[in-house]
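Below, each chain spelled out in residue letters.
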Amino acid sequence: MVGYGPNKGIVPITCDELFKTISENKDTNKRFEITFSMLEIYNEQVRDLLAKDNPKGGLQVRQNPKLGMFYVQDLKKVPVGSYAEIEMRMEQGTSNRTVASTNMNATSSRAHTVVTIVFDQIFINENGEETKKSSTMNLVDLAGSERADSTGATGDRLKEGANINRSLSALGNVISALADASEKKKVVVPYRESILTKLLQNALGGNSKTVMIAALSPADINYDETLSTLRYADRAKKIKNQAVINENPMDKMIRELKEENDRLKKALESGGSVNIEQKGSMSPEEIELLRKDMEEKIRAQLLANQHLLNETERTWDEKLSAARNETDAIAKEENREIARKNKEPHLMNLNEDPMLSGVVCLFLNGATTVIGCKSGNPDIVLNGLSIQKKHAVISQEKGSITLKPGSDGAKTRVNGSLITGLRTLEHMDRIIFGSNHVYVFVNPLNPKAPEGTPQDINWEFAQKEVAKAKGYSTGTSGLSKEQQVVQEQILEILPMVSEVNAISEELNKYRSFEVVLISAVAVLASSNTEAGPQTIEDYDKLRVMVKMKNMLNGNTWLWESGKFMNRKFLIQEMYQKYQDGENIALIPKEKDPFWEPTEDALIGTANVFLQSLSYALEFDDELPITDHQGHEEGKLKVTIIPCTQNGQSLDENSFVEDPTELLGKHFCFKIIIKAAEVYKSRYNLGIKVKYKLWGDKEFTETQMMKGTLTPQFNHSRIVSIDNLTSEHLEFFENHSITFLMYGKQEDSPTDPKLAKLTTKELREMDQTESSTQAVRKKSIFQSDTHASEGAHLKTDLVLLQRKYERLAQKEKRMMQLCDEWGQAPKEHQQFDAFYRAVSAVAYSSGTRLKTRALLVNQQDDGDTFSLYVFGEEEEHLAHEAEQNNGIINYDKVKNHHFPIKKASLQSGGNGLLTNGVKGHKDGNETTSGSFTCNIT
């Protein structure tokens, strides 16, 4: 709207052309009058940005009963004679906006700014009568809409509560209705739905020409928002207005104003009784309320008319002169401020909106400067969150400037770190008072900044320092693109969480908030949605969530970032009502953004890697259940085993060394959740486990086991894959199933001892910053990595065991060939034949055959087992086995049978398995293959 530097925006270009036209006017019978006003709509409240003080609740919006148009009562309208004066007034408005937004804890990006320029052309006809043509230009900078659907606010019960979304939604409804009306449809245009649409009524669908400029993003990540904006603009383009020149004789206008004032005075004296008596069905209380409302509207209209009459009694030159005197005073004050900046130490503000940074300058007051809220009568007044009466003290002595907290519990940060005692300030130090007052200390007397201080210091840099001081990593080195995005989201949401915690403390809401990272699957389970991850990679992604905790009973909730942001704005609105003197205790809990119905709490997660399935191996383990900080909350016993379609476990001979052998085949496996153990007694109300496989539409749940911390779930599920694809194998090899353990919560009675403490005291008790920082500082992406690594290693160990057995058999076979060749007579030692035999074994992958042999102490026909055959005999023996139902005579393969010692996976004991074959004396020896299967 305004532009930056040489790149002028819409406002300066429009004003330049306007005053250029005025300067070229040579007609003495025509003159021009221009007035300027600037307002902001935040939280459905109107603030006059040209006035330093605004009434609580904002300025009132009234409707002119004669014209049917809405106007802002008591809005300051300043006569201007050049663009330089408009520019100075806009700077004044921006400065007031910055102070107000900081004090009110408001976010500028959530406010609509309306700059109104009224351009009057006054003509004198031959009879000396004046006629006025009036044009009103509304230059509106709309707040950015919140991406509710993409950020996760869709599921919030209070999604429609935020006033910014409500006003933008109302604007969209008005534009749609006007577009329909242009197509000759009968519609009622809902101008009264919001303050914004009331004030823009004439601009949108009245006697006007309207231009909408839509800002688009070229980034593919903003595709949905760009498309939505284009549809919005296309809808607005269909509106057809017929602009008619507003031409009114001045004498007639003054006469009509006087007549209307006389009529309003008479109505005020009668109390509007004639109109009220016609409402016979109304109660006396309703009649009284209606009478008061009518009187208020009549008085407002009377005052507005009288103000217009008073304005007509002053000449334009008198009004312009008075405005210019005020403008000159502002300019002189700015010049004095610039001169002081070059000589005196001061604080310069930082704002999330770059346009609002560097606008507020606070000079130190002599030897000692006290900073605090208004009630403490300090030297520098700061209003807003967590600002105490005597918040901080800045002292100057012998060229040294120091800062210290003014009282216990006063939060002040320097370069991101909380200070508890005296701190010497250096040039360009960043200081945060309370929750949202961010300043840079500028010392022109000693303008040497510490080493490492960046040239450009902004609000984002100050917030990163806070995050770093809290233990979060802010560097991007070594992070993937996805991790960088997650880190950016964390750094963005951290100051919001701090702000909401500060509001919770001030309103004593007994709620605490913290940022957590959990898997995408856990987000879906917590949000009760059926929409699963769309790709395999989605299972490994992390999501930024906010955990809300009830400090009185320990109940917790997980909110997606979009839902939290939506609640944050509602919480800001509640805080604004509190500041305006409203009794927020009367707000019903269903409309309280801090309240949420109880839901099952996520105790923790456990990951089971599926690599063993790629080799048709069983996985059986007791897994640790870890929370978002990596703390162990319990254990879960899980088995994942290959099986037949009816659930019967496959024998050990089903093992495949090359996972591609499974491609194109029917494959089944069984998930068994046996039992669990949970450490915290508060979860004995009920415990259950959820999980979801890739491709599942819904989560699979165990039964809710109540009244125990050691539930026996005995849950099983058979997963059948008709045609195993490479995508399935990729999922088995590189991904896992995340098991989510939930604990039942209920709105239990409050502990009387805790109820005596304040939210701030409870949060201080609950904080264990020293222990959590140790976890966070390593990486913000740790999650339950260490627990998962253990399970992964165990799977790898089983696979290596199988491969070792096979290689050991190959080695034995090669040693046997060498022994046979060495023991053969010299005349039979043919090197070429020996080389072929050894090479055949070396390069063979091995063929696994079934055979039978009588085991030790066994009198029957013997057990079937399998062994590997290597070398030149493979093909012949495999063909013979195929002719004999897959079984080969043991005598024909006994020279390939090399019992080996196999270490147990379990610790303790001699670590050997006994499964010898008759004829071998060592009972600790076993067959080479322990998996029974058909010929491979």
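Nothing here was measured: the structure is a model prediction, and the numbers come from that model. (Residues numbered from 1 in each chain as written. Predicted model: local features only at pLDDT ≥ 70, side-chain atom pairs only at ≥ 80, totals over all residues. Heavy atoms only, no water.)

Chemist: How do you make sense of the sheet that holds strand S23 (residues 542-550) when you look at a structure like this?
Modeler: Either a parallel or an antiparallel arrangement is found when strands of a sheet pair, and the pairing is made through backbone hydrogen bonds. Taken in spatial order, the three strands line up as S22-S23-S24 in an open sheet, and their pairing is antiparallel. Edge positions in the open sheet fall to strand S22 (511-519) and strand S24 (556-560), since each of these has one partner strand only. Neighbour to neighbour, the strand axes of the sheet diverge by 30° on average, direction disregarded. In this structure, S23 lies alongside S24, joined through five bridges in antiparallel fashion. Note that in S24 the partner of methionine 548 across the bridge is tryptophan 557. Lying over the sheet, helix H13 (residues 481-507) contacts S22 and S23, oriented at roughly 165° with respect to S22. Strand contacts of helix H15 (residues 561-579): S22, S23 and S24, with the helix running at about 100° to S24, the strand carrying the most contacts. (Pairing = 2+ DSSP bridges. Helix = DSSP H or I, 4+ residues; strand = E, 2+ residues; numbered from the N terminus. Axes fitted to C-alpha atoms, helices over the stretch in contact; angles between N-to-C directions. Contact = heavy atoms within 4.5 Å.)

Chemist: Just to check I follow, could you spell out a nonpolar patch on the surface for this structure?
Modeler: Judged by side-chain polarity, Met1, Ile10, Val211 and Ile213 come together as a nonpolar surface patch covering roughly 390 Å² of accessible area. One can find isoleucine 10 in helix H1 (residues 10-23). (Patch = residues over 30% accessible without salt bridge, like charges linked within 9 Å, V, L, I, M, F, W, Y side chains within 5 Å. Areas by Shrake-Rupley, 256 points an atom, 1.4 Å probe, with all protein chains shown as cover. Salt bridge = Lys/Arg side-chain N within 4 Å of Asp/Glu carboxyl O.)

Chemist: Got a minute to help me understand the side chain of arginine 430 in this structure?
Modeler: Turning to its location among the elements, arginine 430 is positioned in strand S20 (residues 429-433). For arginine 430, a relative accessible area of 6% corresponds to the buried category. Engagement of the side chain of arginine 430 in a polar contact is seen with the backbone oxygen of methionine 428, the distance being 2.6 Å. Once residues lying within four places of it in the same chain are set aside, the contact partners of arginine 430 are Arg413, Val414, Asn415, Tyr439, Val440, Thr453, Ile457, Phe461, Ala462 and Glu465. (Buried < 20%, exposed > 50% of the residue type's maximum accessible area, 1.4 Å probe, protein only. Polar contact = N/O pair within 3.5 Å; in protein donor to acceptor, adjacent residues only side chain to side chain.)

Chemist: Even after reading the chapter, I still don't get helix H22 (residues 874-883), so can you show me in this structure?
Modeler: Owing to its 3.6 residues per turn, the α-helix aligns residues three or four sequence positions apart on the same side. For H22, every residue scored as buried is listed here: Glu874, Leu877, Ala878 and Ala881. The buried residues of H22 occupy an angular sector of 100° when the element is viewed end-on, so they sit on one face. In H22, the exposed residues that point more than 90 degrees away from the buried face are Glu875, His876 and Gln883. (Arc of directions from axis to C-beta.)

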